[in-house]
Amino acid sequence: MLFKNLNLGMRIALLEKMNTHNKYIFIKRNPFYTAQSLLIARRKNNNDIETWWSVKPPGYKYIQSFNPIKQVVRQVYNIEKQITKDLGEYVNPQDVLTVNYEDLIQGNLKLEHLRTFIGSAESKQENSNVQLINGNVSRLEKPVLDQIKHEVEKLDWKGYKSQI
């Protein structure tokens, strides 16, 4: 069974306590674009950027005290750090595959590699060169983009600096 769910991603310790054999594919994306996507989702779903949208990470109450742009950057940061911590603490490294979103959209990661990781016996006949839509496109006003970039660059992303 496959879940694409950040809420479950924030509950790795609980999933591991259930004694099921889980495999985790952690897809990391340039945080600049993830933060931008959250701001766009806030506008679309809440009709403003002030109202929180999506998963509430550790430190949520504190993060709420920031302006919306800093909020979404810290949201992404805290979620990524929590998932990284939990995967390292509770999960056997052989059951974790970390993938860069950019590799997916550029076609550098083949479906066969994912199948091998999860132990799938699916047919190899389907096209493994699936084209994904590149979501890493600047879609907001330049002053907002500049603020996102500034907030992203303040944090230690371990090699995931904004590439604008």
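This one's a predicted model, so the numbers in the text were calculated from it and none came from an experiment.

### Side note on helix α8 (residues 142-153)
Thinking step 1. Over its 12 residues, α8 extends 16 Å from the first C-alpha to the last, a length consistent with the 16 Å expected when each residue adds 1.5 Å.
Thinking step 2. As for α8, its buried residues are in contact with α3 (31-46) and α5 (68-90).

### Focus on the side chain of Asn-136
Thinking step 1. Note on placement: Asn-136 falls in the loop between α7 (111-118) and α8.
Thinking step 2. Asn-136 sits in the buried class, given a relative accessible area of 13%.
Thinking step 3. Within polar-contact distance, the side chain of Asn-136 engages the side chain of Arg-29 at 2.9 Å.
Thinking step 4. Excluding residues within four positions of it along the chain, Asn-136 makes contact with Arg-29, Tyr-33, Tyr-101, Glu-102 and Ile-105.

### Some details on the packing of aromatic side chains
Thinking step 1. Enumeration according to the criterion identifies four aromatic pairs in this entry.
Thinking step 2. An angle of 90° between the planes, with centres 4.8 Å apart, marks the rings of Trp-52 and Tyr-60 as edge-to-face. Across the pair, Tyr-60 and Trp-52 agree in class, each one buried.
Thinking step 3. Ring plane angle 80° and centroid distance 5.0 Å describe the contact between Tyr-62 and Phe-66, whose orientation is recorded as edge-to-face.

### Some words on unusual backbone geometry
Thinking step 1. Even without being glycine, Asn-19 reaches a positive phi, approximately 60°.
Thinking step 2. Here Asn-19 is to be found in the loop between α2 (12-17) and β1 (24-28).
Thinking step 3. Of note in the backbone geometry, Asn-47 takes a positive phi value of approximately 65° without being a glycine.
Thinking step 4. On the secondary structure map, Asn-47 appears in the loop between α3 and α4 (60-63).
Thinking step 5. When its relative accessible area of 71% is taken as the criterion, Asn-47 is described as exposed.

### A few points about the packing of α3 against α8
Thinking step 1. Put simply, α3 and α8 touch, their axes get as near as 10 Å, and they point 130° apart. Relative to α8, the element α3 lies oblique. Both α3 and α8 take part in a crossing whose hand is right-handed. Along the contact surface, α3 presents Pro-31, Phe-32, Ala-35, Gln-36 and Leu-39, while α8 presents Val-144, Leu-145, Ile-148, Lys-149 and Val-152.

Quick notes on the rules
Residues numbered from 1 in each chain as written. Predicted model: local features only at pLDDT ≥ 70, side-chain atom pairs only at ≥ 80, totals over all residues. Heavy atoms only, no water. Helix = DSSP H or I, 4+ residues; strand = E, 2+ residues; numbered from the N terminus. Expected span 1.5 Å × (residues − 1). Contact = heavy atoms within 4.5 Å. Buried < 20%, exposed > 50% of the residue type's maximum accessible area, 1.4 Å probe, protein only. Polar contact = N/O pair within 3.5 Å; in protein donor to acceptor, adjacent residues only side chain to side chain. Phe/Tyr/Trp six-rings, centres within 6.5 Å; stacked < 30°, edge-to-face > 60°. Axes fitted to C-alpha atoms, helices over the stretch in contact; angles between N-to-C directions. Parallel < 35°, antiparallel > 145°, perpendicular 65-115°, else oblique. Left-handed = near helix turned anticlockwise from the far one by under 90°.

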